[in-house]
Amino acid sequence: MGYPKIKQVRAYVIKGGEGGGGADYHDQGEGHWIDNHIATSMGRYPEYRQSRKSFGINVLGTLVVEIEADDGTVGFAVTTGGEPACYMVEKHFARFLEGRNPFEYERIWDQMYFGSQYYGRKGIVVNAISGVDLALWDLMGKLRQEPVYHMLGGAVRDELQFYATGARPDLAKEMGFIGGKLPLYHGPIEGDEGLKKNVELIADMRSRVGEDFWLMYDCWMALDVNYATKLAHKCHEYGLKWIEEAINPDDYWGYQQLKKNVPAGMLVTTGEHESTRWGFKMLLEMGCCDIIQPDVGWCGGVTELLKISALADAHGALVVPHGSSVYSYHFVITRHNSPFAEFLMMAPKADHVAPMFHPQLLNEPIPDKGRLKVTALDKPGFGVDLNPEVKLYRPYEH
Ligand SMILES: C[C@H](O)[C@H](O)CC(=O)C(=O)O
Ligand SMILES: [Mg+2]
């Protein structure tokens, strides 16, 4: 009704090699805190223990999706997925958009998901679907000259509050964040010695930040239930607020057990590597966690996050999306069951606030004293631009 139709969908990767950063935020240069001996399930192989890049955490790279309407308006989004996701977008999903009214986002999402059901449902396919969905919401906002958060129902508060993820919660406190989430450095393979170091780090941070500042551990799928339970109990006396993504995301039964095992009051969080309403339904119905952490660029995009969030609300669970900068800010500001947001510290030493998707996005809003006014989001679509200095490469066309 009155809106131009979708003319073309294009998918790009970013040329630039090692340390490109941006949506593939693990792709950072040497010495960055995010690649410094962080515990992973690959830590059982000594050659892959020191660096996540060594086992290929940055192998996919960024996916950029552009959707152009008949009147020349272009919506775009960035997420991870790189060249394999480009193939899916160009060779498979574009057919469900071109020639369509962009506001038919429900039908478009449904056709992308069910059209790829026989090989997709999770992982990189849903990253690709998410990238298309976010670009579509950006296009809708630009066509209506409205920020995405308006189209999601409007803000329920005047500002966002953030906790920071990074190696220096003590500095995050000085910067005004409400909490600091540390990466876990030592996994089960490093035995009692490693466990002791993990506990000592929380104890040390607690002594630096004082009593009330939130401290959390992000375990990035590295543990088993037994180790996670021990870690939770040992860190309890230092006020660990939550234990995140402790075990394999496919082990719903393990999360269910862990949730029963942790000390009263400690929260169990997970979900950044989960996708769609059906994946989150498992976590919620099985009572696996207190907070779900979908990544809007990986879980199915905004269209799917709305459904996931409603499901979580009905189960009394909070939704605090993983990273994803503006793509999650526009959502979090519209929901009472998303009371705060994550900010991933991309400065190599986690000692200052740097835009998460730098250098790919321009005009990316960042927290000031741990907060961001809703007015910072008052631009059409997601309110960010693709940096013209970043070199795009379109590996497939249709
Ligand atoms: C710090 C974690 O290992 C990971 O790099 C980011 C993450 O899981 C989070 O921000 O949450
Ligand atoms: Mg995490």
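Residues numbered from 1 in each chain as written. Chains lettered and ligands numbered in written order. Predicted model: local features only at pLDDT ≥ 70, side-chain atom pairs only at ≥ 80, totals over all residues. Heavy atoms only, no water.

In the annotation of an unreviewed UniProt entry, the entry for the protein reads L-rhamnonate dehydratase, and the organism field reads Asticcacaulis currens. In its Sequence similarities (unreviewed entry) section, UniProt records this for the protein: "Belongs to the mandelate racemase/muconate lactonizing enzyme family. RhamD subfamily." In UniProt, the protein has this text filed under Subunit (unreviewed entry): "Homooctamer; tetramer of dimers." (UniProt positions renumbered as here; feature names shortened; annotations may be inferred.)

Draft legend 1. Examining the UniProt feature "site: Transition state stabilizer" (unreviewed entry) in the protein more closely. UniProt records the feature "site: Transition state stabilizer" (unreviewed entry) at Glu342, using the numbering of this structure. Mapping Glu342 onto the fold places it in strand E11 (residues 341-344). By relative accessible area, which is 4% here, Glu342 ends up buried. There is a polar contact of 2.5 Å between the side chain of Glu342 and the side chain of Thr165. (Helix = DSSP H or I, 4+ residues; strand = E, 2+ residues; numbered from the N terminus. Buried < 20%, exposed > 50% of the residue type's maximum accessible area, 1.4 Å probe, protein only. Polar contact = N/O pair within 3.5 Å; in protein donor to acceptor, adjacent residues only side chain to side chain.)

Draft legend 2. Fine view of the packing of helix H1 (residues 82-92) against helix H3 (residues 123-144). Across the interface, H1 lies against H3 with an axial gap of 9 Å and an inter-helix angle of 60 degrees. The orientation of H1 relative to H3 falls into the category oblique. When the axes of H1 and H3 are compared, the crossing they make is right-handed. Along its contact with H1, which presents Pro84, Ala85, Met88 and Val89, the element H3 presents Ile124, Val125, Ala128 and Val132. (Axes fitted to C-alpha atoms, helices over the stretch in contact; angles between N-to-C directions. Parallel < 35°, antiparallel > 145°, perpendicular 65-115°, else oblique. Left-handed = near helix turned anticlockwise from the far one by under 90°. Contact = heavy atoms within 4.5 Å.)

Draft legend 3. Local environment of the coordination of the magnesium ion (ligand 2). Distances from the magnesium ion (ligand 2) to its protein donors, Asp218 (OD), Glu244 (OE) and Glu272 (OE), fall at 2.0 to 2.1 Å. Each donor residue of the magnesium ion (ligand 2) lies on one chain, and together they are spaced D-x25-E-x27-E. Of the two residues, Asp218 is situated in strand E6 (residues 214-218) and Glu272 in the loop between strand E8 (267-270) and helix H9 (276-285); the sequence distance between them amounts to 54 residues. For the pair shown, Asp218 and Glu272 are each scored as buried. (Donors = N, O, S within 2.8 Å, 3.2 Å for Na, K, Ca; no water.)

Draft legend 4. Spotlight on the pairing of strand E4 (residues 159-165). Of all the seven residues making up E4, six are buried; the element is thus mostly covered by neighbouring parts of the structure. Here three bridges tie E4 to strand E13 (residues 371-373), and the two strands are oriented antiparallel to one another. Considered in E13, the bridge of Gln161 is made with Arg371. As judged from the two bridges shared by E4 and strand E5 (residues 179-183), these two strands associate in the parallel manner. From the neighbouring strand, Ala164 faces E5, where its bridge partner is Gly180. (Pairing = 2+ DSSP bridges.)

Draft legend 5. Up close: the UniProt feature "active site" (unreviewed entry) in the protein. Under the UniProt annotation, the feature "active site" (unreviewed entry) is placed at His322. With respect to the secondary-structure elements, His322 resides in the loop between strand E10 (318-319) and helix H11 (325-332). Ignoring any residue separated from it by four or fewer positions in sequence, one finds His322 in contact with Tyr25, Glu272, Gln293, Pro294, Asp295, Trp298, Glu342 and Leu344. Only 3.3 Å separates the side chain of His322 from the side chain of Glu272, close enough to count as a polar contact.

Draft legend 6. Local environment of the site of ligand 1. The local shell around ligand 1 holds 14 residues, among which His26, Lys181, Asp218, Glu272 and Glu342 are the closest. Taking His26, its side chain carries an N or O atom lying 2.7 Å from an oxygen atom of ligand 1. In this structure, an oxygen atom belonging to ligand 1 sits 2.5 Å away from a side-chain N or O atom of Glu342. Bound to the protein, ligand 1 loses 100% of the 310 Å² it would expose on its own. Considering only residue class, the shell around ligand 1 consists of five nonpolar, three polar and six charged. (Near = heavy atom within 4 Å. Areas by Shrake-Rupley, 256 points an atom, 1.4 Å probe, with all protein chains shown as cover. Nonpolar A, V, L, I, M, F, W, Y, C, P; charged D, E, K, R; others polar.)

Draft legend 7. Structural view of the sheet that holds strand E1 (residues 6-14). Strand order in the open sheet formed by four strands is E3-E2-E1-E15, with antiparallel pairing between adjacent strands. Of all the strands in the sheet, the pair left with one neighbour each is strand E3 (74-80) and strand E15 (392-393). Bridging between strand E2 (residues 62-69) and E3 involves seven bridges; their strand directions are antiparallel. Bridge pairing in E3 places Val65 opposite Ala77. Sheet strands touched by H1: E1, E2, E3 and E15. Its angle to E1, the strand with the most contacts, is close to 165 degrees.

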